[in-house]
Amino acid sequence: GKLKRGPAPSFYCPLTMVIMNDPVQDREGNSYEKDAIMKWLSENNTSPVTRNVLRMKHLVPNRALKEAIEFEVKRQKEMHTRKTQSN
């Protein structure tokens, strides 16, 4: 049978375990859903991944990851549409 490939693990926020819509990246290269990490940092002053000091000002948009996620989501929808139409 065909090998089913799901979304890349890097597409998932380590806090929500959900595919990110608005990924931001810290100085160590870890990415998070923006709302989730902002909530985390309102209660903590460390990275949830490394436990190193992390501040909101250290976060920057992860545009490359956002584009990759959007591309994959679109591709998956198109594949699903084609599969549904061929049945």
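Procedures and definitions
- Residues numbered from 1 in each chain as written.
- Predicted model: local features only at pLDDT ≥ 70, side-chain atom pairs only at ≥ 80, totals over all residues.
- Heavy atoms only, no water.
- Buried < 20%, exposed > 50% of the residue type's maximum accessible area, 1.4 Å probe, protein only.
- Helix = DSSP H or I, 4+ residues; strand = E, 2+ residues; numbered from the N terminus.
- Arc of directions from axis to C-beta.
- Contact = heavy atoms within 4.5 Å.
- Core = buried A, V, L, I, M, F, W, Y, C linked by side-chain atoms within 4.5 Å.
- Pairing = 2+ DSSP bridges.
- Axes fitted to C-alpha atoms, helices over the stretch in contact; angles between N-to-C directions.

### Focus on helix 1 (residues 34-43)
Line of reasoning, step 1. Within helix 1, the full set of buried residues consists of Ala36, Ile37 and Leu41. Buried residues in helix 1, looked at end-on, bunch into an arc of 130°, giving them a common side. Residues of helix 1 that are exposed and angled more than 90 degrees away from the buried face: Asp35, Lys39, Ser42 and Glu43.
Line of reasoning, step 2. Buried residues in helix 1 make contact with strand 1 (23-25) and strand 2 (31-33).

### Examining the nonpolar core
Line of reasoning, step 1. By size, the foremost hydrophobic cluster in this structure holds twelve residues: Phe11, Cys13, Met20, Val24, Tyr32, Ala36, Ile37, Leu41, Leu54, Leu59, Leu65 and Ile69.
Line of reasoning, step 2. Within the residue set of this core, elements represented by two or more residues are helix 1 and helix 2 (63-86).

### Structural notes on the environment of Pro48
Line of reasoning, step 1. Inspection of the secondary structure assignment puts Pro48 in the loop between helix 1 and strand 3 (60-61).
Line of reasoning, step 2. For Pro48 and Leu15, which are 33 residues apart along the polypeptide, the C-alpha to C-alpha distance reads 7.6 Å.
Line of reasoning, step 3. Excluding its chain neighbours within four sequence positions, the residues that come into contact with Pro48 are Leu15, Tyr32, Ile37 and Trp40.

### Describing the environment of Thr46
Line of reasoning, step 1. By the element assignment, Thr46 lies in the loop between helix 1 and strand 3.
Line of reasoning, step 2. Accessibility expressed as a relative area gives 19% for Thr46, which makes it buried.
Line of reasoning, step 3. Here Thr46 is in contact with Trp40, Leu41, Arg51, Asn52, Val53 and Leu54, once residues within four sequence places are set aside.

### Things to note about the sheet that holds strand 1
Line of reasoning, step 1. Strand order in the open sheet formed by three strands is 2-1-3, and the pairing between neighbours is antiparallel. Both edges of this open sheet fall to strand 2 and strand 3, since each of them pairs with a single strand only.
Line of reasoning, step 2. The pairing of strand 1 with strand 2 spans three bridges and is classified as antiparallel. Bridging from a neighbouring strand, Val24 pairs with Tyr32 of strand 2.
Line of reasoning, step 3. Across the sheet, helix 1 lies against strand 1 and strand 2, angled at about 95° from strand 2, the strand it touches most.

### Structural notes on unusual backbone geometry
Line of reasoning, step 1. Positioned with a positive phi, Met17 is a non-glycine residue whose angle comes to about 60°.
Line of reasoning, step 2. Within the fold, Met17 resides in the segment before strand 1.
Line of reasoning, step 3. Given a relative accessible area of 59%, Met17 falls into the exposed group.
Line of reasoning, step 4. The residue Arg51 is not glycine, and still its phi comes out positive at about 70°.
Line of reasoning, step 5. Mapping Arg51 onto the fold places it in the loop between helix 1 and strand 3.

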